[in-house]
Amino acid sequence: MKLFVKTTLFYLLASLIVFTIGGVITYNKVKEEVALETDYYLNETFRRLVNEIKSGKSIGVLNNDKVTITKLDNQLVRDTFRVYSDTISKHPLLNRPEAYRRLVRISKVEEQYYQFDLMDVLIESDDVYQGVTAAFVRLFLFLGLFIIAANTVFFRWILSPFYLSLRQIMFFNVKDKDTIQLPDTNTREFKLLNAFILKMTHNARKDYLTLKEFTENASHEMQTPVAIAKGKLELLMESGDLTQDQLQLVQGANQALSKLSKIGKSLTLLSKIENGEFSDKRVCNFSEVVGQNVDHFRELALLRNINMQAMLPPVLQLPIDSALADILISNLIKNAIQHNNNGGWINIKLNEQQLEVSNSGKAPSVPTETLFNRFKKGQAASSSLGLGLAIVKKITDTQNWQVVYKFTDQTHSLRIVFT
Amino acid sequence: MKILIIEDEPDLLESLCTYLGKGGLLCEKSSSMREALDKLSNFKYDIVLLDIMLPDGNGLDILDFIKQKEPETGVLIISAKNALDDKISGLELGADDYLTKPFHLSELNARLKAIYRRRKFSGQKEIEFEKIRINTETMETRVEEELVVLTLKEYELLLFFIANKKRVLTKQSIAEHLWGDNVDFLDSFDFVYQHIKNLRKKLTAAGTPDYIKTIYGMGYKFTSD
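These lines cover the structure that appears in this document, whether it is placed above or below. Not measured: the values here are computed from a predicted model.

## Things to note about the overall build of chain B
In step 1: Counting its regular elements, chain B contains eight helices and 14 strands.
In step 2: Each of the 225 residues in chain B was classed as buried or not, and the buried ones make up 38%.

Laid out in structure tokens, this is it:
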């Protein structure tokens with residue numbers, strides 16, 4: 001949810017609560033005031049009537065539908081104080097029951113007791129309620145519009161540096177060389193934020209470059225020392241007076257060195273692909289590359305009695321660097337030979353949409369979604385480096401192709417979808 | 001065969017010289033571009049072993065120099081870079097072969113001999129070892145005039161053995177010689193064993209003694225002893 005929507009809703013909710021409570025308070029207050037005023041009016045009427053009686057008017061003239069004066073002969077009655085009550089009576093004009101305020105009082109006027117029964121129509125609570133609600137709803141709507149307008153201005157104006165910075169961060173690429181452009185602002189918090197973003201992006205770029213340089217240097221600078229070590233070991237083997245056991249130690253060291261050098265080469269390859277050093281996107285006859293690799297690996301496959309079959313169209317042009325295509329295919333086929341059973345099979349199918357390499361083999365022992373990670377091996381004990389599929393993934397990523405792995409029915413299947 | 005090794009890493013330079021020297025090659029060393037150009041101007045070499053990453057210049061310039069001054073000299077480039085570009089430009093400029101560090105010395109030896117053979121014996125392309133004679137032109141192997149039919153891999157294996165006769169060859173170096181870098185993913189060297197077994201069978205059947213000695217757990221040695 002957008003920040004704008006969130007804050008607007010929040011303000012609207014807050015004012016809704018305030019307005020509801022305010023409405024209730026107003027309603028009660030108005031009702032109280034109306035009752036008070038009515039009582040006051042009734043009391044005034046009472047006094048006027050008393051004066052009228054004193055001036056000699058007969059009660060018959062004074063009585064009407066709201067005033068009932070009764071002469072009391074009983075000497076036992078005494079003056080009573082005002083007794084107010086609410087009642088419901090029929091309204092003479094509207095001809096329907098209405099809420100009335102009633103004052104009943106016995107009072108002695110000129111040595112004669114009278115009972116005054118005065119009524120006046122009360123402003124109904126319904127009316128008060130409706131009035132208050134109508135006013136508050138209008139007010140609330142007005143406030144709502146105002147909040148939205150004010151919030152819009154706030155976001156457009158005060159928060160604009162924040163949104164500009166946000167946009168810059170979104171388009172930030174650690175591989176770009178230009179420094180990130182952040183908007184000028186006089187808001188302290190945004191100034192701090194921008195300073196922080198500048199520092200972080202700068203550091204990220206620096207780290208990225210250092211790491212990149214390190215990977216590149218480390219992996220090919222180490223080839224020379226490895227070459228030296230291997231050369232010395234070979235000389236040691238040649239020296240002739242080594243025992244069987246010693247020769248095997250030398251051999252072990254030699255193999256470990258080879259592996260080290262291959263890891264270095266694969267890592268360099270990965271970083272080269274990542275740096276886009278294979279960017280010759282002239283169309284390449286992908287079908288031919290697959291065919292060449294199938295021929296190249298057929299002998300190695302046969303050594304494990306693996307039958308390799310390929311269904312290829314004569315020509316399939318794809319926009320990929322031919323060296324990259326070669327690396328991709330050779331890694332896929334190597335992978336299929338390696339994770340296979342002796343006497344198994346490999347099936348390669350290529351068409352306009354996809355390349356599918358499927359092969360027989362045991363179920364993978366690691367979660368399949370991690371297979372494309374570096375140094376993740378399907379079988380822990382295997383002598384592979386665990387970089388083959390990472391390279392495949394990296395290539396498909398740079399090509400914006402998709403790679404899908406599936407294991408069903410004792411069959412591994414890797415599909416590369418050209419999109 | 002006289003070779004010049006141009007390599008800036010003294011340790012590697014030393015190892016290369018010792019190893020090749022044992023095989024009867026005459027080695028001269030040079031560890032910088034200046035020194036190398038100096039030697040190349042004054043002496044004649046059969047093959048130059050050239051590291052293209054030198055402290056005082058690009059080895060490809062030396063290659064250029066050799067091709068202009070002494071075109072019949074063979075050049076084998078060694079480089080720590082696996083860059084395809086270097087490989088291609090090196091071969092385009094006239095290098096005979098390209099090896100990426102690290103390499104097996106036995107592989108280097110075999111490649112040097114192959115270059116030497118291609119360049120020197122332009123008429124006679126025969127390799128002899130005791131009773132075995134190989135014509136590298138027709139790729140025919142004969143034992144005392146009798147033709148031995150070998151598969152391509154067996155033929156390559158035999159050449160590799162003869163180039164490195166009397167030397168211990170590890171299964172790994174044999175495998176890499178036969179199949180290139182792509183064998184690293186295959187767990188065993190049984191394939192090497194299969195080819196060796198077949199080659200041995202064919203050679204002894206043709207009447208040679210068993211030249212291929214197995215060094216247990218380690219590899220093989222091709223020797224008439």
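## Here we look at the overall build of chain A
In step 1: Helix and strand content of chain A: 10 helices and 11 strands.
In step 2: Relative to its full complement of 419 residues, chain A shows a buried share of 23%.
In step 3: The contacts of chain A with a sequence gap of at least 6 include a subset with a gap of at least 24, amounting to 63%.

## Points about the interface of chain B and chain A
In step 1: Facing 32 residues of chain B, the contacting portion of chain A comprises 33 residues.
In step 2: Residue assignment for the side of chain B that touches chain A shows that the elements contributing at least two residues are α1 (10-22), β12 (168-170) and α7 (171-179) of chain B.
In step 3: If one sorts the elements of the side of chain B that touches chain A by residue count, α1 of chain B sits on top with seven residues.
In step 4: Looking at the side of chain B that touches chain A residue by residue, the class counts come to 16 nonpolar, eight polar and eight charged.

## Digging into helix α5 (residues 188-221) of chain A
Residue and element names in this part refer to chain A.
In step 1: Its 34 residues place the ends of α5 48 Å apart at the C-alpha level, agreeing with the 50 Å of an ideal helix rising 1.5 Å per residue.
In step 2: Where α5 is concerned, the buried positions are Phe 190, Asn 194, Ser 219 and His 220.
In step 3: On its buried face, α5 sits against α4 (160-170), α6 (223-238) and α7 (244-274).

## As for the nonpolar core
In step 1: Within the largest apolar cluster, 58 residues are counted, with the highest numbers of intra-cluster contacts made by Ile 3, Val 48, Leu 49, Leu 50 and Leu 76 of chain B.
In step 2: Setting aside chain neighbours within four positions, we find Ile 3 of chain B in contact with Leu 20, Leu 25, Leu 26, Cys 27, Tyr 45, Asp 46, Ile 47, Val 48, Leu 49 and Leu 112 of chain B.
In step 3: Grouped together as the second largest cluster of nonpolar side chains are 36 residues, Ile 273, Leu 324, Ile 348 and Ala 390 of chain A included.

## What to know about unusual backbone geometry
In step 1: The linkage connecting Lys 101 of chain B with the following residue, Pro 102 of chain B, adopts the cis geometry, with an omega of -10 degrees.
In step 2: Relative to the elements of secondary structure, Pro 102 of chain B occurs in the loop between β7 (97-100) and α5 (105-120).
In step 3: One non-glycine residue, Asn 305 of chain A, adopts positive backbone phi at about 55 degrees.
In step 4: Considering the arrangement of structural elements, one finds Asn 305 of chain A in the loop between α8 (286-303) and β6 (307-311).
In step 5: A count of 12 C-beta atoms within 10 Å places Asn 305 of chain A in the exposed class.
In step 6: Although it is not a glycine, Glu 144 of chain B sits at a positive phi angle of roughly 45 degrees.
In step 7: Tracing the backbone through its elements, the reader meets Glu 144 of chain B in the loop between β10 (140-143) and β11 (146-148).

## With respect to the packing of α4 of chain A against α5 of chain A
Residues and elements named next belong to chain A.
In step 1: Where α4 contacts α5, the axes come no closer than 10 Å and their chain directions differ by 15 degrees. With respect to their mutual orientation, α4 and α5 come out roughly parallel. The handedness of the crossing between α4 and α5 comes out as left-handed. When α4 is examined against α5, the residues Pro 161, Phe 162, Ser 165 and Ile 169 are found in contact with a partner set consisting of Phe 190, Leu 193, Asn 194 and Ile 197.
In step 2: Looking at side-chain class alone, the contact of α4 with α5 contains six nonpolar, two polar and no charged residues.

## A look at the sheet that holds β10 of chain B
All names here are of chain B.
In step 1: As summarised here, the arrangement of the four strands in space is β8-β9-β10-β11, forming an open sheet in which the pairing is antiparallel. Looking along the sheet, the strands with just one partner apiece sit at the ends: β8 (126-129) and β11. Here the strands of the sheet are splayed against their neighbours by 30 degrees on average, with no regard to which way each runs.
In step 2: Where β8 meets strand β9 (residues 132-135), four bridges bridge the pair, whose relative direction is antiparallel. Paired with Glu 128 across the bridge in β9 is Arg 133.

Rules of the game
Residues numbered from 1 in each chain as written. Chains lettered and ligands numbered in written order. Predicted model: local features only at pLDDT ≥ 70, side-chain atom pairs only at ≥ 80, totals over all residues. Helix = DSSP H or I, 4+ residues; strand = E, 2+ residues; numbered from the N terminus. Buried ≥ 20, exposed ≤ 12 C-beta atoms within 10 Å, placed from the backbone. Contact = placed C-beta atoms within 7 Å. Nonpolar A, V, L, I, M, F, W, Y, C, P; charged D, E, K, R; others polar. Expected span 1.5 Å × (residues − 1). Core = buried A, V, L, I, M, F, W, Y, C linked by C-beta atoms within 7 Å. Axes fitted to C-alpha atoms, helices over the stretch in contact; angles between N-to-C directions. Parallel < 35°, antiparallel > 145°, perpendicular 65-115°, else oblique. Left-handed = near helix turned anticlockwise from the far one by under 90°. Pairing = 2+ DSSP bridges.

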